[in-house]
Amino acid sequence: MTEHDRSRLPIRRETFAGAAGRTLDGSQPDWNLIGHPAPPDGAPNVLLVLIDDAGFGNPATFGGPIRTPNYTRMAEAGLRYNRFHVTALCSPTRAALLTGRNNHAVGFGSVGEFAGGFPGYSATLPRDCAPLPRILRDNGYSTAAFGKWHLTPDGQQGPAGPFDRWPNGWGFEYFYGILGGGSSQWDPCLAENQKIIGTPEDFYDEEHPYYFPDAMADRTIEWLHGVRGQDAGKPFFVYYSTGCSHAPHHVAKDWADRYKGQFDQGWDRLREQTFARQKELGVIPADAELTPRDPAFPAWDDVPDTLKPFYARQMEVYAGYSENADHNVGRVIDAIDELGELDNTLIIWIWGDNGASMEGTVTGSFNELTMQNGIPLTDEMQLQLTERYGGLEAWSSSLMAPHYGAAWAWAGNTPFRWGKQVGSHLGGTRNPMVVHWPGHITDAGGLRTPFAHVIDVAPTILDLAGIPAPDTVDGIEQEPLHGTSFVASLTDGAAPEHRTQQYFETIGNRAMYKDGWWLAMRTERIPWLLTPEALAPYAPGVWDPDAGPAELYYLPDDFTQAQDLAAEHPDKVQELKDLFWEEAERYKVLPLLATLSTFFGMLPPLPAETTFAYRGDVQNVMPGMIPRIYNRSYAITADLVVPEGSAEGVIVAEADHLGGFTLYVKDGKLTHTYSMMGVFVFRQVAEEDLPTGDVTVRMEFEADEAKPATGGNVTLLIDGRPVGKGRMDHTVPVRFSGYSGMDIGRDNGGVVDRAYEDKKPFAFTGTVKKVVFDVTPHLSDQDELDIHAAEQHGQAAHGLSA
Amino acid sequence: MPLDQETTDVLIGGYLSTDAAHEDYQAVLSCGARLWGAVVVSKDLEGNLSVEQTDHMVEEGAAGLASVGFVVGLFAPPLLAATAIGAALGAVGGKVLHRRTGSKIEESAGETIPIGGAGLIVAYKHADAETVEPAVTRAISKVVGEADGHHVEALKGALADAQKKLAEDST
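The structure displayed is predicted, hence computed values, not measured ones.

**Student:** Can you lay out the overall build of chain B for me, pointing to particular residues and giving the numbers?
**Tutor:** Counting its regular elements, chain B contains 6 helices and 7 strands. Among the 171 residues that make up chain B, the fraction classed as buried is 49%. Of the contacts formed within chain B by residues at least 6 apart in sequence, a portion of 73% connects residues at least 24 apart.

Okay, structure coming up:
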């Protein structure tokens, strides 16, 4: 095999070693020219699995209540790692995982949606930080990603790209999944490679409905079979990133029903049970202490008896949803085994990217977007809205977009405090990891305890493959990897710790780890609260990070962070504070709270466009890219051709009945329906029939005031003539949906108005020539600026929950 | 005691689900108190209206609740009065109080009950308040109006009082 210089990517093509004369006479071909670079001998296949929004205490493999037989069989034939760490937020963990570098240093101090104006928060991968899939691809691996991506900025998820922010641009030769942070599992707006392909056709198959986790496994297996059908020896790198267990918690009812009654004891007792099992399994030390409940979470005993079934069902669904993820990963593993390649496949399976998510707030929600739109609902309101959409038995169905109560997430992070977004504590930063590699791991079923971080995964994979991190890629000098290989721990349980220090930072929550000491610096804001009162202490000129509370733990003696030693070791506190600032400077963490900068007046430029035109064949416009109709007056104008005998169907629709709008014709009448997050539904119907021929229809919304969620009056017009009117008392202030797209001429996926549910996608039977949105700026520049600020606040809130 | 010598109470409850409204409706019917009338009106997700009423006043030859009108104003406040994202997103006005007297219940409720929502009206003598009111456990918003006088006038007066309280709650 030709030895390649792998320090410069792409690998240079082979030098022609034959001879090319004027004619074939005397010429000698060199068949190496048509080959491709191959990885070093012995480079294994790699299956990298990442579960979403899950905690240390969720899977049974680590003592949790959720049955995970496939995770356990990998652990029993491989290794459990119980001191593996992530970043406490979704995109940052993914960016660190796939680059082997600290998340801020590669532009992901926050989530993909939030592309901010500071280097550590741009949500844009620097070209001097080539990611792992690119390195593996250029070294001869077949690379593919399936499932959740969440590394593409919100406004760049359409046909205009730019595609270097999409999975293909990161080095994955094939991608099937979702670009955003969360998705319906029943009707995701899918992307395949560099195209949004929208709602899967099987969504409309009532007998065998589409389910994203099943389809992910199917597509992965299909891809593996295709690769092996072509090339029996080329190693593969599969990144299998489940949408589960992120909200909405969608799973077939029978999966949830397997847990009927198993959470009736509530979250407090569940933690105790999990903690006891963790000790029995030995995944936590025998002397570990269970940390106490923070007052932010209610005691289960204080929950009214009438509401306990509501809360218990939330966790039953989450558990069934998570078990299904284990099932589908197991199908992929079985397929690799069936190919006869399990022994040559390194499997790294991380159960959770940021701890379990507390973003369902205290109550949980029938629709996760209610929180992000600033709609507070009591648990009784949540229960009634749940009843409206089918009741507890439908909690996991497509009729809802559910998220569970925060206390269930806290219980899922047993034995630690807090969870997602809280980078200062282990609830948000420590997740289980299992490594499986038969024939190489000799201590099958063993436990490994080195302090490891998600940035160590890529260096470990490269180490095992014998591939160096490149010095240059595309001629650009590369930032060295920040992670360190933990290969030694695979075969040696007594191997020295490969990592002795690491910083953590998520939305101002900070930690500094060094030589066993952990300094925790948590902002006192509750993660799901973004009220002015909650944010005021963090305003520029007000907040002094060093003046905030700091807790000090010595983890070798205190696995769970139960004993705060700060008062006893002020010098260590100061040393770690100083070290944090050094690391923060080095890795572009600064300025702290850049994620919340819009709340403090640092706004992106005010958009100038007021007109948005779509021809009739445009579909699947991602929800972050629809016209900015929120919180202001606007009009939708559509040019139609209506055949003799009239027409029916959808002219334009965004999202679904849990938030969205639709302009359609049914029974000859132009109709506009607007769902304010499924809480309020407003409908206006024309009083006369739609005429035939060339027709222009229009919906005008006149806002009452320049305020978020403003009410207003609706007028329907046909060829300029008013034909109907109505009122909408509340409108959506931030975002209709986190995942459901806008379509011209039909309503793909779940429909906005249940009145045409039986006709979905209710394609227009005439012709939609063009749909134009005209948004009307507010009269006062200050009003326009205030609304812009409020919308940016909402976007930040959405991003933090994604 | 004749109706026109009693103080009449009218309870109005608002719901985000029809199930919850019917649960309370059944609860007041079986609470043991003598009701002058009870009406539950709901609208499903497709916008279809349904009305169920047990109007005891009809038995006495008086006009039923349906004839004195249906009142809403139940649904917005305090649903959006505060916000998790911030005051900027919470500055949402309350629902305008709609008043429909003298019209058929289907017409008035059809315009004012939101899709997926429901309303409950119960009329009873004030002396039974401690029996009736605790039976209504699931209303998102609930007001009680009261008035004295002849039975139909008392009903109208109590409804008006309830409407006024709803309006106050909405501001």
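What follows picks up the thread again.
**Student:** For the overall build of chain A, give the residues involved together with the corresponding values.
**Tutor:** Looking only at helices and strands, one finds 16 helices and 29 strands in chain A. The globule rule puts the C-alpha radius of gyration for 802 residues at 28 Å, and the 27 Å found for chain A is close to it. Seen along its three principal axes, the alpha-carbon backbone of chain A occupies a region of about 85 × 80 × 55 Å. Buried positions account for 58% of the 802 residues belonging to chain A. Relative to all contacts within chain A whose residues are 6 or more apart in sequence, the contacts with residues 24 or more apart total 75%.

**Student:** Lay out unusual backbone geometry with the relevant residues and their values.
**Tutor:** Residue and element names in this part refer to chain A. Going from C244 to S245, the amide bond is cis rather than trans, its omega being 10 degrees. Positionally, S245 belongs in the loop between β8 (236-241) and α5 (253-257). Here A247 and P248 are connected by a cis peptide whose omega angle stands at 0 degrees. On the secondary structure map, P248 appears in the loop between β8 and α5.

**Student:** Describe in detail the sheet that holds strand β26 (residues 712-718) of chain A, supporting the description with residues and values.
**Tutor:** All names here are of chain A. Taken in spatial order, the 6 strands of this open sheet run β19-β29-β20-β25-β26-β27, and their pairing is antiparallel. Edge positions in the sheet fall to β19 (611-615) and β27 (721-728), since each has one partner strand and no second. Ignoring which end each strand starts from, the neighbouring axes of this sheet average 15 degrees apart. Alignment of strand β25 (residues 693-703) against β26, held across 7 bridges, turns out to be antiparallel. From the neighbouring strand, A703 faces β26, where its bridge partner is G712.

**Student:** Explain the confidence of the model for chain B to me, and be specific about the residues and the numbers.
**Tutor:** Detailed reading of predicted coordinates is not advised where the pLDDT is low. Residues and elements named next belong to chain B. Averaged over chain B, the pLDDT score is 69; the fraction of residues at 70 or greater is 58%. Helix α5 (residues 129-132) holds the highest mean pLDDT among the elements of chain B, 96, whereas helix α3 (residues 87-90) holds the lowest, 26. Under a pLDDT of 50 for its full length, residues 58-64 has, in the predicted model, 10 contacts with residues more than four places off or in other chains. On the interface metric, ipTM, the complex scores 0.85, and its pTM is 0.94.

**Student:** How would you explain the nonpolar core if you had to name every residue and give the values?
**Tutor:** Residues and elements named next belong to chain A. Of all hydrophobic cores here, the largest spans 257 residues; its most connected members are W349, L519 and I651. At 13 residues, helix α7 (residues 308-338) tops the list of elements feeding residues into this core. Setting aside residues up to four positions removed in sequence, L519 forms contacts with A511, M512, A550, L552, V573, L576 and K577. F56, V283, F416 and F559 belong to the second-largest nonpolar core, a separate cluster that totals 7 residues.

**Student:** Account for α7 of chain A, with residues named and values stated.
**Tutor:** With 31 residues, α7 of chain A should cover 45 Å at 1.5 Å per step; its first-to-last C-alpha distance of 45 Å lies within 8% of that length. For α7 of chain A, the tally of buried residues reaches 22 of 31 residues, placing the bulk of the element in the interior.

**Student:** Explain the packing of helix α1 (residues 69-77) of chain A against α7 of chain A to me, using residue names and the numbers behind them.
**Tutor:** For any two helices packed against each other, one specifies the crossing angle of their axes together with the interaxial distance. Residues and elements named next belong to chain A. As a packed pair, α1 and α7 sit with axes 7 Å apart at the nearest point and diverge in direction by 50 degrees. Between α1 and α7, the crossing angle belongs to the class labelled oblique. Where α1 abuts α7, its residues P69, N70 and Y71 lie against D326, H327, V329, G330 and I333. In terms of residue class, the contact of α1 with α7 is made up of 4 nonpolar, 3 polar and 1 charged.

**Student:** Which residues make up the environment of D783 of chain A, and what are the values?
**Tutor:** All names here are of chain A. In this fold, D783 is placed in helix α16 (residues 781-801). Separated by 77 residues in sequence, D783 and A706 place their C-alpha atoms 6.0 Å apart. Non-local contacts of D783, meaning those with residues more than four positions away in its chain, are made with A706 and H778.

**Student:** Lay out the environment of D187 of chain A with the relevant residues and their values.
**Tutor:** Residues and elements named next belong to chain A. Turning to its location among the elements, D187 is positioned in the loop between β5 (174-178) and β6 (190-192). Classification of D187 by C-beta neighbours within 10 Å gives buried; the count is 27. Once residues lying within four places of it in the same chain are set aside, the contact partners of D187 are T199, F203, S398, G749 and G750.

**Student:** Let's hear about the domain arrangement of chain A: which residues, and what values?
**Tutor:** Along its sequence, chain A is organised into domain 1 (1-37), domain 2 (45-481), domain 3 (505-600) and domain 4 (611-801). On a C-alpha basis, the centroid separation for the pair domain 1 of chain A and domain 4 of chain A is 59 Å.

**Student:** Which residues make up the environment of R727 of chain A, and what values go with them?
**Tutor:** Residue and element names in this part refer to chain A. Tracing the sequence through the fold places R727 in strand β27. With 13 C-beta atoms packed within 10 Å, R727 lands in the partly exposed category. C-alpha separation for the pair R727 and G601, spaced 126 residues apart in sequence, amounts to 33 Å. Apart from residues lying up to four places away in sequence, R727 is in contact with N713 and V714.

**Student:** I'd love a proper account of the sheet that holds strand β7 (residues 141-147) of chain B, names of residues and values included.
**Tutor:** Residue and element names in this part refer to chain B. The strand order β3-β2-β6-β1-β7 describes an open sheet built from 5 strands, whose pairing is antiparallel. The open sheet has two edge strands, β3 (49-54) and β7, and neither has a second partner. Sheet twist, expressed as the average angle between the axes of neighbouring strands with direction ignored, equals 10 degrees. Pairing of strand β2 (residues 35-43) with strand β6 (residues 118-125), which is carried by 7 bridges, proceeds in the antiparallel orientation. Residue pairing in the sheet places S42 in a bridge with A118 of β6.

**Student:** With reference to specific residues and values, describe the packing of helix α4 (residues 212-230) of chain A against α7 of chain A.
**Tutor:** Residue and element names in this part refer to chain A. Orientation of α4 relative to α7, taken along the N-to-C sense of each, is 10 degrees, at an axis distance of 9 Å. Looking at the two axes, α4 sits roughly parallel to α7. The residues of α7 that touch α4, namely those facing P213, D214, M216, A217, T220, I221 and L224, are N324, A325, N328, R331, V332, A335 and I336. For the contact of α4 with α7, a count of residues per class yields 9 nonpolar, 3 polar and 2 charged.

**Student:** So what's going on with the pairing of strand β16 (residues 509-514) of chain A? Residues and values would help.
**Tutor:** All names here are of chain A. Here β16 lies mainly inside the structure; 5 of its 6 residues are buried. Taken together, the 6 bridges between strand β15 (residues 501-506) and β16 define a ladder with antiparallel strand orientation. The residue of β16 that forms the bridge with F504 is A511. Counting the residues that bridge the hairpin from β15 to β16 gives 2 residues, and of these I507 lies at a positive phi of roughly 50 degrees. Hairpin geometry of β16 and strand β17 (residues 517-521) is characterised by an intervening segment of 2 residues between the two adjacent antiparallel strands and by a positive phi of about 50 degrees at D515.

**Student:** Explain α1 of chain A to me, and be specific about the residues and the numbers.
**Tutor:** Residue and element names in this part refer to chain A. The set of residues buried in α1 consists of N70, Y71, M74 and A75. Buried residues along α1 cover an arc of 140 degrees about the axis, so they all sit on one side. Lining the buried residues of α1 we find β3 (79-85), α7, β9 (345-351) and β10 (430-436).

Basis of the calculations
- Residues numbered from 1 in each chain as written.
- Chains lettered and ligands numbered in written order.
- Predicted model: local features only at pLDDT ≥ 70, side-chain atom pairs only at ≥ 80, totals over all residues.
- Helix = DSSP H or I, 4+ residues; strand = E, 2+ residues; numbered from the N terminus.
- Buried ≥ 20, exposed ≤ 12 C-beta atoms within 10 Å, placed from the backbone.
- Contact = placed C-beta atoms within 7 Å.
- Rg over C-alpha atoms; globule rule 2.2 N^0.38 Å.
- Pairing = 2+ DSSP bridges.
- Axes fitted to C-alpha atoms, helices over the stretch in contact; angles between N-to-C directions.
- pLDDT = per-residue confidence, 0-100.
- Core = buried A, V, L, I, M, F, W, Y, C linked by C-beta atoms within 7 Å.
- Expected span 1.5 Å × (residues − 1).
- Parallel < 35°, antiparallel > 145°, perpendicular 65-115°, else oblique.
- Nonpolar A, V, L, I, M, F, W, Y, C, P; charged D, E, K, R; others polar.
- Domains from an automatic or database assignment.
- Arc of directions from axis to C-beta.

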